[in-house]
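Take a look at the letters that make up each chain.
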Amino acid sequence: MKINVSKKSASITPSGIREFFDLVLGMEDIISLGIGEPDFVTPWNICEAGIYALEKGYTSYTSNQGLLSFRKTIAQYLKKKYNLGYHPEKEILITVGTSEAYDLAIRALINPSDEVLIPEPSYVSYYSVTQLAGGKPKYLSTHETGFKVTPKMLQEAISNKTKILLLNYPSNPTGITYTVNELKNIAKIVKANNLIVISDEIYGDLTYDFQHTPFASISGMQSHTVYINGFSKAYAMTGWRVGYACGPENVIDAMNRIHQYTMLCAPIMSQMAAQEALINGDNACLEMKKEYKRRREYVISRLGEMGFTFPYPAGAFYIFASVKNTGLTGKEFSCRLLKEKKVAVVPGVAFGTEFKNKYYIRVCYTTEFEKLKKALNKIEQFLKEL
Ligand SMILES: Cc1ncc(COP(=O)(O)O)c(C=O)c1O
């Protein structure tokens, strides 16, 4: 008998990134500038905190909200770094990655057909997770405004069904981020229209040229914002699966009520390791950031020399480049580059349907410097042979 899966799950399309990388899996000697995962191993003091947790027998559930001492550490960290005040007992929830934090926030806030505005291009999960929650994702096209949400575009997109604006900065896939003034201008529209912002700031600590500003720290915005963050990127902890959400008490409570019947809690040893990351992880984090910055400068200059254009990647570890000068769409470029030169980049269409016949690719520089050089040499050779 063939089991029929639900209509909802059948309607979800596979992630464009995974689809492309299924092709890569069967091939040998590929240099991947594809998957957005740090090439560093988790810093040793953080690993040790996880090992210590196991050695001491910390193998149980925690409270649904997460270890209170960890929530207190997060509260102290946000206060010290951004002057953002959250009550550790009522306004912070530990989640299984930033991914779960987004899922919970959407499910806790959305009624059927409520609209969620999502800048396009965007990280692959937002659209489908919103659909799964019964919401209506609505893309905000940003490729003509430097890949940034503008107050005008926002105002024009808002209808009486609009409830949430998703922000993600520094952005996956473009690396763009916002200045304080740009955030203030967005905040005015958010306030005037009573919107809620889910702000995914997982790359906040990977902002290279100036200090990151959380949306919740903009005057009047804390009560409008669910701030979500995690440890996967800046601390190279993708496999530990820890994130957190901070927001108004009633929203965190609603999120926790869903979380308690689904995930129950994040793994205790991962929570303890992530707590160590916040207490003693700054130096390792800065070292990795320094190396990403060095790579960013190199990739910017090489891609620029090849005639590609891209928004200035102020953070994260991605460059969203237009390969229009080659005459190939992003998908054609990525497929041919993979086949002919064994270098993997992600076609822009993975980050929004608008990019289907457009000329963008995402280049990720989470690859060690020498390999990165080799990959860029191969791209240059590929262009010469076109
Ligand atoms: C913007 C963004 N948010 C969330 C995630 C997932 O993070 P986590 O590993 O904390 O679930 C990613 C991973 O690529 C991402 O790029």
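Data block above holds the structure.
Not measured: the values here are computed from a predicted model.

Asker: Lay out the pairing of strand β7 (residues 225–230) with the relevant residues and their values.
Answerer: Counting buried positions over the six residues of β7 gives six, a clear majority of the element. Across the two faces of β7 the burial is the same, with Thr225, Tyr227 and Asn229 and Val226, Ile228 and Gly230 all buried. Bridge analysis of strand β6 (residues 196–200) against β7 gives four bridges, and the strand direction is parallel. In the sheet register, Asp200 faces β7, and the bridge partner there is Ile228. When β7 meets strand β8 (residues 243–246), the two strands line up antiparallel, connected through four bridges.

Asker: Account for the sheet that holds strand β3 (residues 115–120), with residues named and values stated.
Answerer: An order of β2-β8-β7-β6-β5-β3-β4 is seen for the seven strands of this open sheet, with the pairing classed as mixed. Because the sheet does not close on itself, it has two edges, and the strands there are β2 (92–95) and β4 (136–141). Ignoring strand direction, the axes of neighbouring strands in this sheet form an average angle of 20°. Against the sheet, helix α9 (residues 249–262) engages β2, β7 and β8, with an angle of about 30° to β2.

Asker: Go over the site of the ligand with me, naming the residues and quoting the values.
Answerer: Surrounding the ligand, one finds 13 residues, the nearest of these being Gly97, Thr98, Ser99, Gly230 and Ser232. Ranked by residue count, the leading element in the shell around the ligand is helix α5 (residues 97–109), at three residues. Residue composition of the shell around the ligand, grouped by class: two nonpolar, 10 polar and one charged.

Asker: How would you sum up α5? Please name residues and give values.
Answerer: Over its 13 residues, α5 runs 19 Å from end to end, which matches the ideal 18 Å to within 8%, given 1.5 Å per residue. Restricting attention to buried positions, one finds in α5 the residues Gly97, Thr98, Glu100, Ala101, Tyr102, Asp103, Leu104, Ala105, Ile106, Arg107, Ala108 and Leu109.

Asker: Tell me about the nonpolar core, and name the residues and values.
Answerer: Within the largest apolar cluster, 110 residues are counted, with the highest numbers of intra-cluster contacts made by Ala105, Leu166, Ile198, Met237, Ala245, Ala321 and Val363. Tallying contributions element by element places α5 first for this core, with seven residues. Mapping this core onto the domain boundaries places at least three of its residues in each of domain 1 (8–42 + 283–385) and domain 2 (44–280). If sequence neighbours within four positions are ignored, Leu166 has contacts with Val116, Leu117, Ile118, Tyr126 and Ile198.

Asker: Report on the packing of α5 against helix α6 (residues 125–132), specifying residues and quantitative values.
Answerer: It is the contact of α5 with α6, at a shortest axis distance of 9 Å, that shows an interaxial angle of 40°. Here α5 runs over α6; the crossing is right-handed. Between α5 and α6, the contacting residues are Ser99, Tyr102, Asp103 and Ile106 on the first element and Ser125, Tyr126, Val129 and Thr130 on the second. Among the residues forming the contact of α5 with α6, the class breakdown is four nonpolar, three polar and one charged.

Asker: Describe helix α10 (residues 268–280), naming the residues involved and giving the relevant values.
Answerer: In a regular helix each residue adds 1.5 Å, so 13 residues correspond to 18 Å; α10 covers 18 Å between its end C-alpha atoms and thus fits that length. Among the residues making up α10, those that are buried are Ser270, Gln271, Met272, Ala273, Ala274, Gln275, Glu276 and Ala277. Buried-residue contacts for α10 involve α3 (44–55), α4 (68–82) and β2.

Asker: Before we move on, can you summarise the sheet that holds strand β12 (residues 360–364) with the specific residues and values?
Answerer: Strands sit in the order β9-β12-β11 across an open sheet of three strands; the sheet is antiparallel. Looking at the sheet topology across the chains shown, the edges are occupied by β9 (318–322) and β11 (346–347). On the sheet, helix α11 (residues 282–305) packs against β9 and β12 and is oriented at approximately 5° with respect to β9.

Asker: I'd love a proper account of unusual backbone geometry, names of residues and values included.
Answerer: In this model, Tyr169 is joined to Pro170 through a cis peptide bond whose omega is -15°. The topology assignment puts Pro170 in the loop between β5 (162–168) and α8 (180–192). The peptide bond linking Asn172 to Pro173 adopts the cis configuration, its omega dihedral lying at 25°. In this fold, Pro173 is placed in the loop between β5 and α8. Although it is not a glycine, Asn83 sits at a positive phi angle of roughly 55°. For Asn83, a count of 9 C-beta atoms within 10 Å gives the class exposed. Of note in the backbone geometry, Phe147 takes a positive phi value of approximately 65° without being a glycine. Looking at the element boundaries, Phe147 is found in the loop between β4 and α7 (151–157).

Scoring rules and cut-offs
- Residues numbered from 1 in each chain as written.
- Predicted model: local features only at pLDDT ≥ 70, side-chain atom pairs only at ≥ 80, totals over all residues.
- Buried ≥ 20, exposed ≤ 12 C-beta atoms within 10 Å, placed from the backbone.
- Helix = DSSP H or I, 4+ residues; strand = E, 2+ residues; numbered from the N terminus.
- Pairing = 2+ DSSP bridges.
- Axes fitted to C-alpha atoms, helices over the stretch in contact; angles between N-to-C directions.
- Contact = placed C-beta atoms within 7 Å.
- Near = placed C-beta within 6 Å.
- Nonpolar A, V, L, I, M, F, W, Y, C, P; charged D, E, K, R; others polar.
- Expected span 1.5 Å × (residues − 1).
- Core = buried A, V, L, I, M, F, W, Y, C linked by C-beta atoms within 7 Å.
- Domains from an automatic or database assignment.
- Left-handed = near helix turned anticlockwise from the far one by under 90°.

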